[in-house]
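Chain by chain, the residues:
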There are 2 protein chains.
Amino acid sequence: MVATIDPTSLAHRIEHTLLRPGATRSEVAQLCREAIEHRFAAVCVSGCRVIEAAALLEEGDVKVVTVVGFPFGDMDPDAKRYETEVAVDNGADEIDVVLNIGRLKDGEDSRVLRELRDVVEAADERPVKVILETCLLTRDEKIRACKLVLESGAQYVKTSTGFGASNGTVEDVQLLREIVGDAFGVKAAGGIRDAATAMAMIRAGADRLGTSAGVGIVRTAGV
Amino acid sequence: MVATIDPTSLAHRIEHTLLRPGATRSEVAQLCREAIEHRFAAVCVSGCRVIEAAALLEEGDVKVVTVVGFPFGDMDPDAKRYETEVAVDNGADEIDVVLNIGRLKDGEDSRVLRELRDVVEAADERPVKVILETCLLTRDEKIRACKLVLESGAQYVKTSTGFGASNGTVEDVQLLREIVGDAFGVKAAGGIRDAATAMAMIRAGADRLGTSAGVGIVRTAGV
């Protein structure tokens, strides 16, 4: 149980995120400046912005995270694999891929797993986080998905895209943490707009938080 | 001006669409059966379902449409090109690609155009429709986008993904038709849930309608 956390430690768990469609070059530049200023763990940007973000963050410790198969997860597996390769070539440090939700519902677990392994291989040693989009899954599907992620070679399971019908809950984070155990990563994302929610997600077991409200969160945390 | 249209002609303009994340194999199969029964122009499915849909529709006239860079349009250009190639290899007859909205807003028109030309080339003679996501664009941006689509070698301009903050309006369809002229394709998509809306879109200039409500629309049209 984490009772409180200082703003610096909190910042180190935040992936400063800008995935809204139509985001501009100047918004990406501002995101990167804020991430450096507040010592966030990473920025998270769309595939077409990886080169820009990587150039702006070349000097420091802030990682570049990007997304694959985002936000629906229903691309062709080979297209997801290639999108991962391109992201790595462009300078991405970490890959957040959306699991194929329909195939999970179809019970095609071996296909879901194979696709994830291909992405992990294409990521070439870089951490892969697998987005479940918990709002679309039953409890059983969440558990099955976590087990596939554990087998895939990925390093994190992640609750949500932030663009679903609803976002990952504290209960989702608790469930994911319970299934994957203490040695695996859990990223909470979607709807984390204030310090209280951020702290609740961390107490529930999240190592990383994906949020577009990181600046406000660290300013008010511990105040 | 089209005053009325018979149900068969209406059906020939409909792309029977299932792009909801988490759609299952059996839902895709039902979509294809309905498209054959009602003589829709096409089904529109996500990338991972193209092989299944193409197999189910091999015999008839119903085309397989799929999406690229969907729904945000902010993938890396090379990943979009490859996603198109994979779709063609898997049996897609037509490609609906989302334009890079952020780059349009950045004023990087030549980059937007180059990306579209790459997708058109990868589509290898198959019709390409370019989705503008009009709800995110100013009037000036819609006009600039249409002109780029005209130059790209694509065959249609399309209003919306159906997953944006709002959907393309009758006024959007009128504006797009006005800019691209009579010899180019206009596809209306998003929020077309009844025959009255379908007819309004056709009267405004739409050649094709993307909708998940096609069965209900043709059943009530002309009644």
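Everything that follows concerns the structure shown earlier in this document.
This text gives an overview of the structure that appears in the document. Chains are numbered independently. Their residues run from 1 in the order of the written sequence. The order in which chains are written sets their letters, starting at A; the order in which ligands are written sets their numbers, starting at 1. Owing to the predicted nature of the model, reporting of local features is limited to residues with pLDDT of at least 70; listing and counting of side-chain atom pairs is limited to 80 or more, with chain, interface and lining totals taken over all residues. Heavy atoms from the whole structure form the basis of all side-chain values; hydrogens and water molecules are not counted.

**Here's the deal with the interface of chain B and chain A**
In this analysis, two residues are considered to be in contact whenever any of their non-hydrogen atoms come within 4.5 Å of each other. At the junction of the two partners, chain B supplies 34 residues and chain A supplies 34 residues. With both chains or domains summed, chain B and chain A bury close to 2,800 Å², and 57% of this area falls on carbon and sulfur atoms. Counting the surface chain B buries against chain A, the share from its top three residues, B:Cys48, B:Phe72 and B:Tyr82, is 22%. Salt bridge, as applied in this entry: a Lys or Arg side-chain nitrogen positioned within 4 Å of an Asp or Glu carboxyl oxygen. Taken together, the links from chain B to chain A amount to 6 salt bridges. In this structure, the salt-bridge partner of A:Arg103 is B:Glu52, at a minimum N-O distance of 2.8 Å. Nitrogen and oxygen atoms within 3.5 Å of one another constitute a polar contact, given that in protein one can donate a hydrogen and the other can accept it, and given that sequence-neighbouring residues count only through two side-chain atoms. Here chain B is connected to chain A by 21 residue pairs in polar contact (both at pLDDT 80 or more). Secondary structure counts use DSSP, requiring at least four H or I residues in a row for a helix and at least two E residues in a row for a strand, with both numbered from the N terminus. Of all the elements in the fold, those that place two or more residues in the side of chain B that touches chain A are helix 4 (77-90) and helix 5 (101-105) of chain B. Three classes are used: nonpolar for Ala, Val, Leu, Ile, Met, Phe, Trp, Tyr, Cys and Pro, charged for Asp, Glu, Lys and Arg, and polar for all others, with Gly counted as polar. Of the residues that constitute the side of chain B that touches chain A, the class distribution is 14 nonpolar, 7 polar and 13 charged. Two parts placed together each lose some accessible area under a 1.4 Å probe, and the buried area is that loss summed for both.

**A short note on the packing of aromatic side chains**
The description of an aromatic ring pair uses the distance of the two centres, along with the angle that the planes make with each other. Working definition: a ring pair exists when centres of Phe, Tyr or Trp rings (six-membered ring for Trp) sit within 6.5 Å. Plane angles under 30 degrees give stacked, over 60 give edge-to-face, the rest tilted. In total, this model carries 7 aromatic pairs over all chains according to the counting rule given. Measuring from ring centre to ring centre gives 5.9 Å for A:Phe70 and A:Phe163, while their planes differ by 90°; the resulting arrangement is edge-to-face. In this pair, A:Phe70 is assigned in the loop between strand 3 (63-68) and helix 4 (77-90) and A:Phe163 in the loop between strand 6 (156-158) and helix 8 (170-180), connecting sequence segments 93 residues apart. Geometrically, the ring pair formed by A:Phe72 and B:Phe163 is edge-to-face, given 4.8 Å between the ring centres and 70° between the ring planes. In this pair, A:Phe72 sits in the loop between strand 3 and helix 4 while B:Phe163 sits in the loop between strand 6 (156-158) and helix 8 (170-180), so the two residues belong to two different chains. Accessibility here uses a 1.4 Å probe with only protein chains present; expressed as a share of the type maximum, an area under 20% marks a residue as buried, one over 50% as exposed, and anything in between as partly exposed. Taking relative accessible area as the criterion, A:Phe72 reaches 7% and is therefore assigned buried. Here the aromatic cluster, defined as three or more aromatic residues joined through ring pairs, consists of A:Phe70, A:Phe163 and B:Phe72. Remark: a charge is flagged as sitting over a ring if the NZ atom of Lys or the CZ atom of Arg is within 6 Å of the ring centre and within 35 degrees of the ring normal. Above the plane of the ring of A:Tyr156 lies A:Lys129, whose end atom (NZ or CZ) is 5.6 Å from the centre.

Keep in mind that these numbers describe shape and distance, not what the molecule does.
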